[in-house]
Amino acid sequence: VDWRKVALPAVFYFIFGAASIRLSASLGNLKPLEGLLGFFLFIFAIIMGPLSDKIHLKGNVPAAVGCGTISGIMGGLFSMGGPGMAFYNLSVAESKEEYLGNSSFFLALAATENNALRIAAGLVTEKMLPWALGGAIAMLLGKVLGDRVVRIMPVNTLKKSVYGLMGLSGVITLLKSAGIFAAG
């Protein structure tokens, strides 16, 4: 983990994530905004997939602040803070291993903060805890399997895979917001 690349976006993620969680608790129905998020993720993935070798962020303060802020807002409102930081980490990491380390560490911090704030705000109930435990186990297994696959995967394929999954996530989010696809 390269702390210099994780610390600043994490600070802004925490600030804007906490504010967005408080906002989401008072807003209620976020379905219309979820549709916009899904559309944005899909379009972003379509653009970045083919252009990921040509478009790069610099690891500077504006990029760290911007990606941390956007990820915090997305994480707080929709529990989907990963895409902004994936874009940032793919751009500034010097290797696949650094990308995975920085991303895994950041997402672990973000999930811990988000879950604690959601529990404190009453957004997570006791009934949800078995599902959360199952999700945590699935994430750990995904991390272990993902690390093995990425070791043999070329960097270009990694980038395209990340953006492809981001696009798929956008489509699923869009379909869920339209009531076409029901999850859970």
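First things first, this report covers the structure right here in the doc. (Residues numbered from 1 in each chain as written. Predicted model: local features only at pLDDT ≥ 70, side-chain atom pairs only at ≥ 80, totals over all residues. Heavy atoms only, no water.)

Position of Glu 34 among the secondary structure elements: in helix H2 (residues 31-51). Judged by its relative accessible area of 19%, Glu 34 is buried. With residues near it in sequence (within four places) discarded, Glu 34 still touches Phe 78, Thr 173 and Ser 177. (Helix = DSSP H or I, 4+ residues; strand = E, 2+ residues; numbered from the N terminus. Buried < 20%, exposed > 50% of the residue type's maximum accessible area, 1.4 Å probe, protein only. Contact = heavy atoms within 4.5 Å.)

Using the criterion set out here, one finds 5 salt bridges in the structure. A salt bridge links Glu 94 to Lys 5; the shortest N-O distance between them is 3.4 Å. In this pair, Glu 94 sits in the loop between helix H4 (82-92) and helix H5 (96-120) while Lys 5 sits in helix H1 (residues 3-27), placing the two residues 89 residues apart along the sequence. Residue classification places Glu 94 among the exposed residues on the basis of a relative accessible area of 69%. We classify Lys 5 as buried; its relative accessible area is 13%. With its nearest N and O atoms 2.6 Å apart, the salt bridge here joins Lys 143 to Asp 147. A residue pair is termed a helical-turn pair when its members lie 3 or 4 positions apart in one helix, as Lys 143 and Asp 147 do in helix H6 (residues 129-152) at 4 residues. One connected set of salt bridges, linked through shared partners, spans Asp 2, Arg 4, Lys 5, Glu 94 and Glu 98. (Salt bridge = Lys/Arg side-chain N within 4 Å of Asp/Glu carboxyl O.)

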